[in-house]
Every structure is written in C-alpha cells, then in structure tokens.
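Okay, here's what each chain looks like letter by letter:
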Amino acid sequence: MGVGSQRVHRGAPRVVVIGAGIVGCSLAEELTARGWTDVTVLDQGPLFAAGGSSSHAPGLVFQTNPSKTLAEFARYTVGKLRDLSVDGRPCFRPVGGLEVATTPARLAELARRHGLATSWGIEARLVDPAECARLHPLLDPGAVLGGLHVPSDGLVHAVPAGEAQARRAIDRGARFLSRHRVTGVASAAGRVSGVHTDQGFVPADVVVCAAGFWGPDVGALAGLTVPLQPLAHQYATTAPVPALAGAVAEISAPILRHQDADLYYREHGDRIGIGSYGHRPMPVTAAETEQHENSCLPFTPEDFSDAWKQSLALLPGLAETEVAAGINGVFSFTPDGMPLLGEHRDLPGFWVAEAVWVTHSAGVAKALAEWLVEGQPRTDVHECDLHRFTAVQLSPEYVAERGAQQFVEVYDVVHPLAPPQVLRPLQVSPFHPRHIELGAVCGEAGGWERPLWFGANAALADGLELPARDEWAAQWWSPTAAAEAAATRERVAMYDMTPLTRIEVTGPGACALLQQLTSNDVDRPVGRVVYTLLLGADGGIRSDLTVARLGEQRFQVGANGPLDLDWFRQHAPEDGSVQLRDTTTGTCGIGLWGPRARDVLQSLTRTDVSNGAFRYFTARELFVGGVPVTALRVSYVGELGWELYTDAATGLRLWDVLWAAGQEHGLVAAGRSAFGSLRLEKGYRAWGVDMTTEHDPVEAGLEFAVRPGKGDFVGRDALDRRPHPRRLACLTLDDPATTVLGKEPVRVDGVPVGHVTSAAFGYTIGRSIAYAWLPAEHAEPGTAVTIDWFGQPVAATVSAEPLVDPAGAKVRC
Ligand code: FAD
Ligand code: THG
C-alpha cells in the first residue's frame, strides 16, 4: 500500500514508470504535481509516439459509462486535457459525442444511458434524427431513430496529450528515457529496488507498470499475474470523402457511435476513420506481444467487409470513397472490462496501472498518484482493484475467454442483471446438483454460480397478484422470486450462502488485529457475532462484515470479497501472531430463514436452539442431522434463522437433511432475486453498491456500527473531521406498477440531485424500493422526488426505514 511505500523513505521516493503511453505520461504529471518529482519514465520505443496503443488510438472520449468511477475518470480526463496543447496544437477537441440508435432497443438504451450520464453529472440530451443529421453532416437521418448527444465529449490526440503532460512533468524534474526496454525487476529486502533495462539498471523505490497490453509480460518479470488479454481491433481510414471536400479542420463533427453495428467514427480532415468491434475476437498471445514493439498488426480487409457495408447505410456519402488504410490495433481487455490498479502484494513497491483507455487515462493517473502519495485514492476504485479477483479468475483460460467476451459485448445492450455467459459453470457450491434438480436459473458473480430463483417454485407464484413489469424490468426477473420471498416471510426458505467470502482469523494476535481494523467492538465473549465496518484512514467505508468469535483466538469473518482479505493481509503483523485463511471454497453455507426456521433446525439437533439458549447475533458449533455445523444466528433477509456453515464435503448432506425436515413446514429453496428484495425491505446495505470508500458511516446510516470509545482503530479519528452533506435514503415508488433497477438519477423539482444505488420490488410491502444518495436536505422522510426511468419521471417518496419490521421483532423472537 501507499503508506508502505512512504515508510521506507523520508523524502519523495524514486519512481520508475514503465511505459510512456498516455497512462505513463499522465501518471508522471500527476506524481510530480504532488511533489514526487524523482520520476523516471522508461519506454522501449521512441518518444512520444512510442508504438503502444496510445500511438494508434483515434482518441474518442465518450464519458458515459455504467461505472460511476469510470465516468468520473473520463470527466477528469476531459477537464484536464481540454486546457493542454503542444506547440499550439490542442490535445483535446471538444466536438461532442453522438451515439445513434437504429433499433428500438438501442433507442431505449440511449434513454437509459442519458439517465446514467445525468446520474454521474454529465450533461447529455436525447435528439431526434433531424438533429442527429444536423450535428453530423454525413449521417442519413432516415437511417436512425434518434441519438444521445453529449456536448462535452470529444477527441483526445493521445500522442500530443501524452507529450504535453510529460513536458509538465519534465519541468518539475521528471526524466523520460526512450529506447529503454525493461528486461527485469529487481528487489532488495523484500521490496522492489529498481529495474534492469537493455541500457542498464535504474534504481527505484517505487515501480509502476504502465506498459499497456505488454502488462502481463512486464508483470511476469516481477512474478505478478496481470489479468488482461491483448486483442486486436480494426481501425480504418477512408480516402477523401467528396462530401467533406474543403474541410479545413481536422475534426468538426461530433465523434459518432453506431453501436447497433459495433462501429464508431471520427473525421480526419476530409477522411473518415472507422473503428469496428464487429469482427471475430483476435487475441494476441504472449509470445506475439513479446515479439512486437508496436501495437499495430497488419489490417485484414476480409474482417472489415461487414463494417464497411454498415457504414454505407449510416453515412451514404462514403459510397463516393473507399477504405484507404487500416490497422488491426492491439489493446487490453480484462475479464470484467475494468482497469487494473494496485500494488503487487509479494513485491511491495511494484504497482500496475493497466488496461486503461485513453478516455480514463488522466483520471486513473490522478487516482493512482493519490494512492501512492496520500495512501489512498479519493475516488472509489474497488471495481479497478488489482486484487478483486479470486484464484479461479486468474487462470489464463478465464482471462482469455472473459477478455474476449468483453470485446464481443463492448457495444452490446447489456442488462444490469445479466450474468456473463462464457466459462460457466466455474465454481459451484456442493448444493449445485440439488439446485439443478429444482430448476435453478443461475446468475454468476465472483466466479460463483448463484441461483436467482427456482423453477420448482413457479407454481407457488400462480395466485400472487403482482404488477406487470415492462420489458426491461422483466428481464432477469421472475414472479417465482415473489413466491420465494413470501415463503421466507411466512414459512421458511433455504438460501445458498456459499459464495459469501469467509475469512478465518486465528492466533494470539487475531483479536488485536480485528480490533484495529474494525469500527465496532469485536472483543466480545466467545459465541458473539458483531456487525462492523472496515474504515479507511479517511473514515470512508471499505467494507461491512460480520465477525463471529468462535474461540478466544479464533474468529470467522463474513466479508464482501477478496479485497477484504487483501486489506487484512496488508495490516497483519509480520511476527506470525495472526493467521488468515480464506475458507470460502473449502466450506459451504445455507441461510435457513423464516418464522419456521427454528422448527426445522430443532428437529435435526440435540442442541437447544430456543431463543433463550441461542440468541440473535450469537454463534455456536453444533451437529445438524449428523453434520458438524458452525451456526450464526444472523439474517440478511430480516427473519428468524441461521446461517449454517460446514465443510464442502458435508454440504450436500446438510442440504438434504434440512430439505427433508423442512417439507412439513413448507420449506422452499430460494434465490438471489428474493434475497435482494428482502434485504432492501430490511434496509441492509450492500457494500460496493449502496456505499463505498467515498461514504462514511453517518452518511450511510451505519453509525450504530461505530464505537469510537472502544479504543483506537483505523479511521476513527478521521470520522470527527468529515462533513456529511449526503445521506443514503430509502425511497419507495408511489405507483406499485413502476420499477427501477439502480444507478438512475433522482430529481427534486426536476433538478438532478442524486442517484439510485440498488433497487428491487418489495414483495412484502407491495411496491418498489430504491436506495439513493441524496443531499441531506432532501433526504427527510416525506420528500417527494422523481426517478428517471428511460427518460420518464417515476414518482417516489423518501420513506422512514426499514420498511419491514423496524423494531427487529422477527429476527429476535
Ligand atoms: P500504451 O500506449 O500501449 O503504452 C505502453 C507503453 O509501454 C508502450 O509505449 C510500450 O512501448 C511500453 N512498454 C511495454 N513494455 C515495455 C518494456 N518492457 N520496457 C519499456 N517499455 C515498455 N481508447 C480510447 O479511449 N478511445 C478510443 O477511441 C480508442 N480507440 C482505440 C483504437 C485502437 C485501434 C487501439 C489499438 C486502441 C484504442 N483505444 C482507445 C485504447 C487505448 O489506445 C489504450 O487503452 C491506451 O492507449 C493505453 O494506454 P497505455 O499508456 O496504458 O498503453
Ligand atoms: N452474513 C454474514 N456476513 C456478511 C453478510 C451476511 N458479511 C458481509 C455482508 N453480509 C454484511 N452485511 C450485513 C448487513 C446487515 C446485517 C448483517 C450483515 C445485519 N444487521 C443488523 C441490523 O442492522 O439490524 C445488525 C444488528 C446488530 O448489529 O446487532 O444483520 O449476510 N455472515
């Protein structure tokens, strides 16, 4: 971590950046601006067209993105490059961006993207075909149904933009060395100590790999897996277009996207540049990347023929010209499409900034510079964290296949609940065979198959009165989820909790480590479970956990993913007094919840599980139908019940004995869809969705999980200093027939003031629920707001929370 880097040196450390593409140049600028001026940027190529992706990128910057983080990175990049020039040549052309729709589905998608832009503070407008044609003179208005226009989008000239930032860095003391190929990474005393190049050794305290699609090759020099797949992507330019004859400016029309055909366009004076994602994925192997010092592979015209045909339909003036030149340009795709940022855990001081588009380059560089210099980025970067993947997500097959799939889907209309479809199933719980027998419809997250609902329960939904959902909201949803939710509230249901990350923390230092890292007091008697937060040094929420004390020196932590284990590892003492073990894949778990849960459990165990003997938020080890089980009396769905954990080997038996015992109580298997609804009714936050490092406990409504009086812990002192301008508010939609899904903008008096985090239909309360970040003055219960849904305002009201069982009587009975 950043503090680790600083610990070693008093002054600014010596930094080597590998790669002088747009990312390396921008990083040098951001670091030197923060006083880290001993920066050396090395590139195997010439400066500043060094031969990487940045040398060939046409530089289109469309800022709108489902990821708030990426949208912010793009906004920052535009803001920074707008004012930069090299020898009078601007680095950014604010020509605007236009995305067009040729299908009704895309037109709806553009309305949804308009909402995303609004949520992230990017001004945008939906325009009709005539306006599309007015904005882009070559465009046939008859070919499109409409468009989304973002006036602040534009074009980055990536090479001058890199140079302009490099010059600023050089003015502050940075060095840029061309024709220096890094051939090795050196270490001393367990830290990075420099890099070997074909021109000699360069000492360094911090090394940042910004080597673009060569990242895996450079990472390998340091023993690090950099999970990205290099893929070639076609970019062609036409001969002069007669309709553009006399064009003086390099570009004047907006950059253009025709996503229904996987195409994008920009002008090059009187020529048009065409980028295509429509062709077959063209992976580039490691052997090939090592050979190439250039990201430009020969153009394969046969892969471009469909792109050309589609282009003629949209821009008929192209019929008067032809493709004059093209490349198969290489750049990086990660398994989830997000960048890779972070420090190598086995070689402190070695960092990566990889798989970054030109679009996000300056924003990424700023975040990484903050991370290095201040110890933490100011923007939430958990979606970009190098350590977000589990072991199965780091295989070459996973990286190659999911990376290629990202390429295929890059312009597709992707439903926010749609799971990835390739390389499945990858990880399954021991209950998987039963899930299949019960007709599970599965999603996938974190590499795990996760039942969304079970076909076997379909008949239970027959009599239920549910408002009709529109076509979009009906995808990845089923009325069966309503039946499963009802069964949980009225009888009892079994949920697969196996994918929940579980970390065993043991040893004489276990309690002290947890006390240092958590906000709540976890030094409680054996058998207690505590809900707590992990805070950053700035008081932002890094995660929320359950900590079950199973022994004096033994804790089971319920966590949110690999980043929590990574955080523990970073802070664990080096004296061996704490052992950390991820038990997720070796064990499994069932959430047994509902008013009849006790009846089911008691029938299978001799341990007294009455309320007096087994209280809410306590844990015990017991036998259930002959299976050794660690039982936690907690419930994310807000019902009486237990999480029951056992080894993977005994999982199937646990499922079967519970299933058999539950039949007389009306037990059902239930999936994530019901789960998501029930937890929102109870007001339970999901980390990474409802709150991130950018929010603190007061704003997130989680102050109850902070005990400043327990003694010092990470983030405690920062809490007093934080202002709380926003609140996570609970909204209910006024009309039960309306739904939202998350990330939509929220307006007060028509003015955008915030955005939805997560949303679901509340089957118990009979209307939709949406949690949203709002300015504190608009977060009082009773406030009327509207939420944009495909461009239409949906009325909603801030409500007192939780909506179900506010006294907590159901979980405590
Ligand atoms: P690079 O620019 O590749 O820089 C990495 C540098 O590292 C290279 O200069 C390389 O020489 C150097 N290097 C590698 N290994 C070593 C070593 N061992 N020693 C020393 N130096 C080394 N993005 C957009 O945002 N908008 C677009 O419109 C767009 N269009 C694109 C079109 C094409 C055809 C291509 C190929 C890419 C496009 N991209 C676009 C993606 C974008 O170009 C890249 O994501 C971005 O340029 C990556 O920048 P970078 O600095 O990380 O990598
Ligand atoms: N189960 C377990 N661990 C977990 C989760 C889980 N860790 C990650 C994530 N989910 C944590 N989220 C929550 C959110 C709320 C609650 C539990 C886990 C919860 N809250 C009670 C409440 O707010 O009323 C806490 C009351 C109390 O502090 O006593 O139950 O699902 N194992």
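Scroll up a little and you will see the structure.
Calculation rules
Residues numbered from 1 in each chain as written. Chains lettered and ligands numbered in written order. Predicted model: local features only at pLDDT ≥ 70, side-chain atom pairs only at ≥ 80, totals over all residues. Heavy atoms only, no water. Helix = DSSP H or I, 4+ residues; strand = E, 2+ residues; numbered from the N terminus. Rg over C-alpha atoms; globule rule 2.2 N^0.38 Å. Buried < 20%, exposed > 50% of the residue type's maximum accessible area, 1.4 Å probe, protein only. Contact = heavy atoms within 4.5 Å. Areas by Shrake-Rupley, 256 points an atom, 1.4 Å probe, with all protein chains shown as cover. Lys, Arg positive; Asp, Glu negative; His and termini not counted. Charge placed at Lys NZ, Arg CZ, Asp CG, Glu CD. Pairing = 2+ DSSP bridges. Axes fitted to C-alpha atoms, helices over the stretch in contact; angles between N-to-C directions. Near = heavy atom within 4 Å. Polar contact = N/O pair within 3.5 Å; in protein donor to acceptor, adjacent residues only side chain to side chain. Nonpolar A, V, L, I, M, F, W, Y, C, P; charged D, E, K, R; others polar. Core = buried A, V, L, I, M, F, W, Y, C linked by side-chain atoms within 4.5 Å. Parallel < 35°, antiparallel > 145°, perpendicular 65-115°, else oblique. Left-handed = near helix turned anticlockwise from the far one by under 90°. Expected span 1.5 Å × (residues − 1). Phe/Tyr/Trp six-rings, centres within 6.5 Å; stacked < 30°, edge-to-face > 60°. Salt bridge = Lys/Arg side-chain N within 4 Å of Asp/Glu carboxyl O.

**Notes on the overall build of the chain**
The number of helices and strands found in the chain is 21 helices and 43 strands. Expected size for 813 residues packed as a compact globule is a radius of gyration near 28 Å; at 27 Å, the chain falls within 12% of this value. C-alpha atoms of the chain, sized along the principal axes, occupy 85 × 65 × 50 Å. Looking at the chain as a whole, 60% of its 813 residues qualify as buried. If you take every contact in the chain between residues at least 6 apart in sequence, the share linking residues at least 24 apart comes to 73%. Of the accessible surface of the chain, which amounts to about 29,400 Å², a share of 52% is contributed by carbon and sulfur atoms. For the chain, the distance from the average position of its 69 positive side-chain charges to the average position of its 92 negative side-chain charges is 5 Å.

**Overview of the sheet that holds strand 30 (residues 541–551)**
Within a beta sheet, neighbouring strands are joined by backbone hydrogen bonds and run either parallel or antiparallel to one another. Overall, antiparallel pairing links the five strands, which are arranged 29-30-31-28-32 in an open sheet. Every interior strand has two partners, whereas the edge strands, strand 29 (529–535) and strand 32 (579–582), have only one. Within the sheet, the average angular offset between the axes of one strand and its neighbour, ignoring direction, is 30 degrees. Of the pairings in the sheet, the one linking strand 30 to strand 31 (residues 554–559) comprises five bridges and is antiparallel in character.

**Points about the pairing of strand 38 (residues 726–733)**
The element strand 38 is extensively covered by neighbouring structure, given that six of its eight residues are classed as buried. Looking at chain direction, strand 38 and strand 41 (residues 767–775) are connected through seven bridges and run antiparallel. Bridging across to strand 41, Arg727 finds its partner in Leu774. Bridging between strand 38 and strand 43 (residues 792–799) involves four bridges; their strand directions are antiparallel. Bridge pairing in strand 43 places Leu733 opposite Ala796.

**Considering the site of ligand 1**
Near ligand 1 there are 34 residues, and of these Asp43, Ser53, Ser54, Val356 and Thr359 occur at the shortest range. In the environment of ligand 1, an oxygen atom lies 3.0 Å from a nitrogen or oxygen atom belonging to the backbone of Val23. Against a free-state accessible area of 1,000 Å², the protein chains account for coverage of 97% of ligand 1. Within the residue set of the shell around ligand 1, elements represented by two or more residues are helix 2 (22–33), helix 3 (53–56), strand 16 (229–238) and strand 22 (323–333). Per-element accounting of the shell around ligand 1 gives the leading share, three residues, to strand 22. Here the residues of the shell around ligand 1 sort into 20 nonpolar, twelve polar and two charged.

**A closer look at the nonpolar core**
Counting residues in hydrophobic clusters, the biggest one holds 49 residues, and the most contacted among them are Leu31, Phe176 and Val208. If you list the elements that add at least two residues to this core, you get strand 1 (15–18), helix 2, strand 2 (39–42), helix 4 (68–81), helix 7 (158–171), strand 15 (206–209), strand 24 (350–354) and helix 11 (361–374). Looking at which element gives the most residues to this core, the answer is helix 11, with eight residues. With residues up to four places along the chain from it excluded, the contact list for Phe176 reads Ala20, Cys25, Ala28, Val41, Leu47, Phe48, Ala166, Ala169 and Ile170.

**A closer look at the packing of helix 15 (residues 510–517) against helix 16 (residues 562–571)**
A pair of packed helices is captured by two measures, namely the crossing angle of their axes and the spacing between those axes. Between helix 15 and helix 16, the least distance of the axes is 11 Å, while the angle of their chain directions is 110 degrees. Here helix 15 is positioned roughly perpendicular relative to helix 16, judged by the angle of their axes. Between helix 15 and helix 16 the crossing geometry is right-handed. Two secondary-structure elements touch here, helix 15 through Leu513, Leu514, Gln516 and Leu517 and helix 16 through Trp567, Phe568 and His571. The residue inventory of the contact of helix 15 with helix 16, partitioned by class, reads five nonpolar, two polar and no charged.

**Considering the packing of helix 4 against helix 11**
It is at 6 Å that the axes of helix 4 and helix 11 come closest, and there the two elements cross at 105 degrees. In terms of axis orientation, helix 4 runs roughly perpendicular to helix 11. Every residue of helix 11 that contacts helix 4 at Phe73, Tyr76, Thr77 and Lys80 is listed here: Ser361, Ala362, Gly363, Val364, Lys366 and Ala367. Of the residues in the contact of helix 4 with helix 11, the class split is five nonpolar, three polar and two charged.

**A word on the site of ligand 2**
Contacts to ligand 2 come from 16 residues, most closely from Asp544, Thr546, Gly558, Glu643 and Tyr684. Take Asp544: an N or O atom from its side chain is 3.2 Å from a nitrogen atom of ligand 2. Contact between ligand 2 and Glu643: a nitrogen atom at 2.7 Å from a side-chain N or O atom of the residue. Considered on its own, ligand 2 offers 660 Å² of accessible surface; in the complex 85% of this is hidden by protein. Of all elements in the fold, only strand 30, strand 31 and strand 36 (641–647) reach the threshold of two or more residues within the shell around ligand 2. Here the residues of the shell around ligand 2 are counted per class, giving eleven nonpolar, three polar and two charged.

**Looking at helix 5 (residues 104–119)**
For helix 5, built from 16 residues, the straight-helix expectation of 22 Å at 1.5 Å per residue is met to within 8% by its first-to-last C-alpha distance of 23 Å. The set of residues buried in helix 5 consists of Arg106, Glu109, Leu110, Ala111, Arg112, Arg113, His114, Gly115, Leu116, Ala117, Thr118 and Ser119. Where helix 5 is buried, its residues contact strand 7 (97–101), strand 8 (125–127), strand 9 (146–150), strand 17 (255–258), strand 39 (745–748) and strand 40 (751–762).

**Some points on the packing of aromatic side chains**
By the definition in use, this model includes 24 aromatic pairs. An angle of 45 degrees between the planes, with centres 5.5 Å apart, marks the rings of Tyr495 and Trp593 as tilted. Here Tyr495, found in strand 27 (residues 493–496), pairs with Trp593, found in strand 33 (residues 587–593); they are 98 residues apart in sequence, far enough to count as distant. Across this residue pair, the class does not change: Tyr495 and Trp593 are buried. With a centroid separation of 5.7 Å and an interplanar angle of 70 degrees, the aromatic rings of Phe614 and Trp642 are classed as edge-to-face.

**What about the environment of Cys588?**
Note that Cys588 resides in strand 33. Owing to a relative accessible area of 0%, Cys588 belongs among the buried residues under this scheme. Between the alpha carbons of Cys588 and Leu500 there is a distance of 8.9 Å; along the sequence they are 88 residues apart. With residues near it in sequence (within four places) discarded, Cys588 still touches Pro430, Phe431, Thr498, Arg502, Leu644, Tyr645, Thr646, Asp647, Ala648 and Gly651.

**Describing the pattern of salt bridges**
All chains considered together, the criterion is met by 45 salt bridges. Across the salt bridge formed by Arg424 and Glu449, the nearest N and O atoms sit 2.8 Å from each other. With Arg424 in the loop between helix 12 (396–409) and helix 13 (432–437) and Glu449 in strand 26 (residues 448–454), the pair connects residues that are 25 residues apart, well separated along the chain. Take Arg424: its relative accessible area is 25%, and that puts it in the partly exposed class. Taking the shortest distance from any N to any O, the salt bridge between Arg685 and Glu801 comes out at 2.8 Å. Taken together, the residues span a long stretch of sequence, with Arg685 in the loop between helix 19 (672–681) and helix 20 (716–719) and Glu801 in the loop between strand 43 and helix 21 (809–812) at a distance of 116 residues. One salt-bridge network, in which partners are shared between bridges, spans Glu29, Glu30, Arg34, Lys80, Arg168, Arg172, Lys366 and Glu370.

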